[in-house]
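What the coordinates show
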Amino acid sequence: MENTFDNYVGIKFVYSNHAYFFGSKNLELNLGDKVVVETTHGPELGEVTVKPISIEEYHGQLELKPVLRKATDVDIKLHEINIKDAEIALEICRNEVKKCGLDMNPLSCQYTLDKSKVIFTYVADERVDFRELLKVLASRLHTRIEVRQIGSRDNR
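Residues numbered from 1 in each chain as written. Predicted model: local features only at pLDDT ≥ 70, side-chain atom pairs only at ≥ 80, totals over all residues. Heavy atoms only, no water.

**With respect to the nonpolar core**
To be explicit about the condition: Take the buried residues of types Ala, Val, Leu, Ile, Met, Phe, Trp, Tyr and Cys, join any two whose side-chain atoms come within 4.5 Å, and each joined set is a nonpolar core. Only protein chains enter the area calculation, which uses a 1.4 Å probe; residues under 20% of their type maximum are buried, those over 50% are exposed, and those in between are partly exposed. Numbering goes from the N terminus for both helices and strands, where a helix is a DSSP run of H or I of at least four residues and a strand is a run of E of at least two. Contact definition: two residues touch when any of their heavy atoms are within 4.5 Å.
In terms of nonpolar packing, the biggest core is built from 19 residues, with Met 104, Cys 109, Phe 120, Tyr 122, Leu 133, Leu 137 and Leu 141 touching the most fellow members. Examining the composition of this core, we find that six residues originate from one element, helix H1 (residues 73-100), more than from any other. When residues no more than four places from it in sequence are discounted, the contact partners of Tyr 122 are Met 104, Asn 105, Pro 106, Leu 107, Val 128, Phe 130, Val 147, Arg 148, Gln 149 and Ile 150. Counting residues in hydrophobic clusters, the runner-up holds nine residues, among them Ile 11, Phe 22, Leu 29 and Val 35.

Shown next, in the form of structure tokens:
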């Protein structure tokens, strides 16, 4: 798939401290541009932080996902709404964790740009059976739910 791209660029997301590489084709991209990219979670909005580099220079082992387009005003507004909605969803999650008596600490929440999925991260000392929590969250948030455990050292 790499050969279908002209360039690759570094994209940073609001919830991440480093850039990830994505392939682009026929897009004039500059540092600071907001773009919509396809990720393993779905479409997300990011910012170009590494200027385009010729695809011939790409020596990474991972297959590049595409930059779908430059972000529109609508994309940027949706992203801002999603950030606010994620704060609300995280509070709902924390309340439901307490109600279910689960030994886990929800840390963060993010929606994909199209809101097809919400991703919660949490820390816990041991494995947690959160099946009941998933049912409650799905009924309250009306979207696909992903819950990811991270190690306490990943919690920065």
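**Quick notes on the packing of aromatic side chains**
Ring pairs (aromatic) are described by centroid distance and by the angle formed between their planes. What counts here: Here the aromatic set is Phe, Tyr and Trp, taking the six-membered ring for Trp, and pairing holds for ring centres within 6.5 Å; pairs whose planes are under 30 degrees apart are stacked, those over 60 apart are edge-to-face, and all others are tilted. Both a distance and an angle decide whether a charge sits over a ring: NZ of Lys or CZ of Arg must be within 6 Å of the ring centre and within 35 degrees of the ring normal.
Tallying each qualifying case throughout the model produces six aromatic pairs. Ring geometry for Tyr 8 versus Phe 21: centroids 5.3 Å apart, planes at 75 degrees, classification edge-to-face. Separated by 13 residues along the polypeptide, Tyr 8 in strand E1 (residues 7-12) and Phe 21 in strand E2 (residues 20-24) bring together distant segments of the chain. On the accessibility criterion, Tyr 8 (9% relative accessible area) is buried. Aromatic side chains Tyr 8 and Tyr 58 sit 5.0 Å apart centroid to centroid with 70 degrees between the ring planes, which places their arrangement in the edge-to-face category. Residue Tyr 8 is located in strand E1, and its partner Tyr 58 is located in the loop between strand E4 (43-54) and strand E5 (65-70); the two are separated by 50 residues in the primary sequence. With respect to burial, Tyr 8 and Tyr 58 carry one shared label: buried. Joined through ring pairs, the aromatic side chains of Phe 13, Tyr 15, Tyr 20 and Phe 22 make up one cluster. Its end group placed over the ring of Tyr 111, Lys 115 keeps NZ or CZ at 5.0 Å from the ring centre.

Geometry only, nothing functional implied.
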